[in-house]
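# Residue-level structure breakdown
Each chain, letter by letter, is given below.
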Amino acid sequence: MMETEDFITPPDHVNFIAKKLFGNCGEILNGSIAYLKKGGGGPVDMHTHANDHLFIVISGEAKVVLENETKIIRKNEAFTVRGNIPHSIWNNIDGETIMIGITIKN
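Residues numbered from 1 in each chain as written. Predicted model: local features only at pLDDT ≥ 70, side-chain atom pairs only at ≥ 80, totals over all residues. Heavy atoms only, no water.

### A closer look at the pairing of strand β7 (residues 87–91)
Across the five residues of β7, four count as buried, placing the element largely inside the fold. Across three bridges, the pairing between strand β2 (residues 41–47) and β7 is antiparallel. Residue H47 lies in a different strand from β7, and its bridge partner there is H87. (Buried < 20%, exposed > 50% of the residue type's maximum accessible area, 1.4 Å probe, protein only. Helix = DSSP H or I, 4+ residues; strand = E, 2+ residues; numbered from the N terminus. Pairing = 2+ DSSP bridges.)

Listed below in structure tokens is the structure:
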């Protein structure tokens, strides 16, 4: 069953629920969809880059490994990774995780 406690039905909508995942976070440079199999992710060695990433998990669960912490992103959640912080992202379940990655210009 889908967790919907943070979802709302907008005015004048029927059989429709929505959850805001993010607000204005800058100029979008590109976006991708990723399918992470069991044990999948990367890069193997954490990396940095000039721009930030906004990750949205569609199904499954992702683990973002950062320089000084680990963040779990569950289905229907989003998380922004600052590009200048060493990081990598991994599937955090035994099945497949599907996620959207959006690159944001700094």
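### Digging into the sheet that holds strand β3 (residues 52–59)
One open sheet holds the four strands; their spatial order is β1-β8-β3-β6, and the pairing between them is antiparallel. With partners counted over all chains shown, the strands left at the sheet margins are β1 (28–36) and β6 (77–81), one partner each. Pairwise comparison of adjacent strand axes, ignoring direction, gives a mean angle of 20 degrees for this sheet. Examined bridge by bridge, β3 and β6 share five bridges and lie antiparallel to one another. Residue V57 lies in a different strand from β6, and its bridge partner there is E77. (Axes fitted to C-alpha atoms, helices over the stretch in contact; angles between N-to-C directions.)

### What to know about the pattern of salt bridges
One pass over the structure, following the stated rule, counts four salt bridges. Residues K37 and E96 are paired through a salt bridge, measuring 2.8 Å at the closest nitrogen-oxygen approach. Of this pair, K37 sits in the loop between β1 and β2 while E96 sits in the loop between β7 and β8 (97–104), and the two are 59 residues apart along the sequence. The salt bridge partner of E61 is R74, with a shortest N-O separation of 3.6 Å. Of this pair, E61 sits in strand β4 (residues 61–66) while R74 sits in strand β5 (residues 70–74), and the two are 13 residues apart along the sequence. In this structure E61 comes out as buried when scored by relative accessible area, which is 18%. Here R74 falls in the partly exposed class, since its relative accessible area comes to 42%. (Salt bridge = Lys/Arg side-chain N within 4 Å of Asp/Glu carboxyl O.)

### Quick word on unusual backbone geometry
Here the residue pair G42 and P43 is connected by a cis peptide bond, since its omega of -5 degrees sits within 30 degrees of zero. Among the secondary structure elements, P43 is positioned in strand β2. Notably, D12 is not glycine yet its phi reads approximately 65 degrees, a positive angle. In this fold, D12 is placed in the segment before β1. Here D12 falls in the exposed class, since its relative accessible area comes to 84%. One non-glycine residue, N15, adopts positive backbone phi at about 50 degrees. By relative accessible area, N15 is classed as exposed at 82%.

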